[in-house]
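For reference, the chains in residue letters:
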Amino acid sequence: MLFMMIVKASKNSEAGNLPSPELMEAMTKYNEELVNAGVRVMAKGLHPSSNGIRLSFPKSGEKSVVTEGPFTETEELIAGFILIDVKSREEAIEWAMRMPDPQGNGEGQIELRQVF
């Protein structure tokens with residue numbers, strides 16, 4: 001079963017601030033555990049939305065509208081993701097619960113979603 005752990009953006013990540021050395025070390029260790037367990041498929045961080053582009057489709061059948069970032073609604077943005085291949089939903093939750101606070105400072109939030 002594939003699951004995506006979606007790391008939600010924060011004001012800090014949108015400002016382009018890198019995690020502290022301690023958090024980088026904790027995340028490296030966590031990713032090594034995922035790899036050693038054979039469950040990590042892919043893990044990537046994303047640039048801030050200031051480098052992003054959003055396409056919207058306001059009218060069906062018409063040309064899309066392109067909007068350049070930054071996007072201000074940080075609670076709706078993502079900063080990165082980890083794709084894992086596990087045996088059950090419960091195992092996915094266990095792995096997600098082991099992740100260090102991905103933003104530090106109590107700002108981190110992870111959304112766990114099963115992939116079709």
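What counts, and where the lines are drawn
- Residues numbered from 1 in each chain as written.
- Predicted model: local features only at pLDDT ≥ 70, side-chain atom pairs only at ≥ 80, totals over all residues.
- Heavy atoms only, no water.
- Helix = DSSP H or I, 4+ residues; strand = E, 2+ residues; numbered from the N terminus.
- Buried < 20%, exposed > 50% of the residue type's maximum accessible area, 1.4 Å probe, protein only.
- Contact = heavy atoms within 4.5 Å.
- Areas by Shrake-Rupley, 256 points an atom, 1.4 Å probe, with all protein chains shown as cover.
- Polar contact = N/O pair within 3.5 Å; in protein donor to acceptor, adjacent residues only side chain to side chain.
- Phe/Tyr/Trp six-rings, centres within 6.5 Å; stacked < 30°, edge-to-face > 60°.
- Lys NZ or Arg CZ within 6 Å of the ring centre and 35° of its normal.
- pLDDT = per-residue confidence, 0-100.
- Salt bridge = Lys/Arg side-chain N within 4 Å of Asp/Glu carboxyl O.
- Expected span 1.5 Å × (residues − 1).
- Arc of directions from axis to C-beta.

## Re the overall build of the protein chain
Next, step 1: Each helix and strand counted, the protein chain has three helices and six strands in total.
Next, step 2: Starting at the N terminus, the α and β elements of the protein chain follow one another as β-α-α-β-β-β-β-α-β.
Next, step 3: Seen along its three principal axes, the alpha-carbon backbone of the protein chain occupies a region of about 45 × 35 × 20 Å.
Next, step 4: The burial tally for the protein chain puts 33% of its 116 residues in the buried class.
Next, step 5: The long-range fraction of contacts in the protein chain, counting pairs at least 24 apart against all pairs at least 6 apart in sequence, stands at 75%.
Next, step 6: Accessible area of the protein chain: about 8000 Å², with a carbon and sulfur share of 53%.

## Thoughts on the environment of Gln 103
Next, step 1: Considering the arrangement of structural elements, one finds Gln 103 in the loop between helix H3 (89-98) and strand S6 (110-114).
Next, step 2: There is a polar contact of 3.0 Å between the side chain of Gln 103 and the backbone oxygen of Lys 8.

## Describing the packing of aromatic side chains
Next, step 1: As enumerated under the stated definition, the model contains one aromatic pair in all.
Next, step 2: Centre to centre, the rings of Tyr 30 and Trp 95 are 6.4 Å apart; their planes meet at 65 degrees, and the pair counts as edge-to-face. Remark: Trp 95 occurs in helix H3 and Tyr 30 occurs in helix H2 (residues 21-36); sequence separation between them is 65 residues.
Next, step 3: Note on Tyr 30: relative accessible area 2%, which makes it buried.
Next, step 4: Overall, Trp 95 belongs to the buried group, its relative accessible area being 7%.
Next, step 5: One residue, Arg 54, lies across the ring of Phe 71, its end atom 3.9 Å from the ring centre.

## What about the confidence of the model for the protein chain?
Next, step 1: With 100% of its residues at a pLDDT of at least 70, the protein chain reaches an overall mean of 93.
Next, step 2: When the elements of the protein chain are averaged for pLDDT, helix H1 (residues 11-14) gives the smallest value, 87, and H3 the largest, 98.

## Brief notes about the pattern of salt bridges
Next, step 1: Enumeration according to the criterion identifies four salt bridges in this entry.
Next, step 2: For the salt bridge of Arg 113 with Glu 111, the shortest nitrogen-to-oxygen distance reads 2.9 Å.
Next, step 3: Residue class for Glu 111 comes out partly exposed when judged on its relative accessible area of 27%.
Next, step 4: Members of the salt-bridge network, linked through shared partners, are Lys 8, Glu 111 and Arg 113.

## Remarks on H2
Next, step 1: Here H2 is 16 residues long and its end C-alpha atoms lie 22 Å apart, about the 22 Å a rise of 1.5 Å per residue gives.
Next, step 2: For H2, the complete set of buried residues consists of Leu 23, Met 27, Tyr 30, Asn 31 and Leu 34. End-on view of H2: buried residues confined to an arc of 100 degrees, all on one side of the axis. Of the residues in H2, the exposed ones pointing more than 90 degrees away from the buried face are Pro 21, Glu 22, Glu 25, Lys 29 and Asn 36.
Next, step 3: For H2, the secondary structure elements touched by its buried residues are strand S1 (2-8), strand S2 (40-45), strand S5 (78-85) and H3.
Next, step 4: In the stretch just after H2, Gly 38 is the one whose phi turns positive, near 75 degrees.

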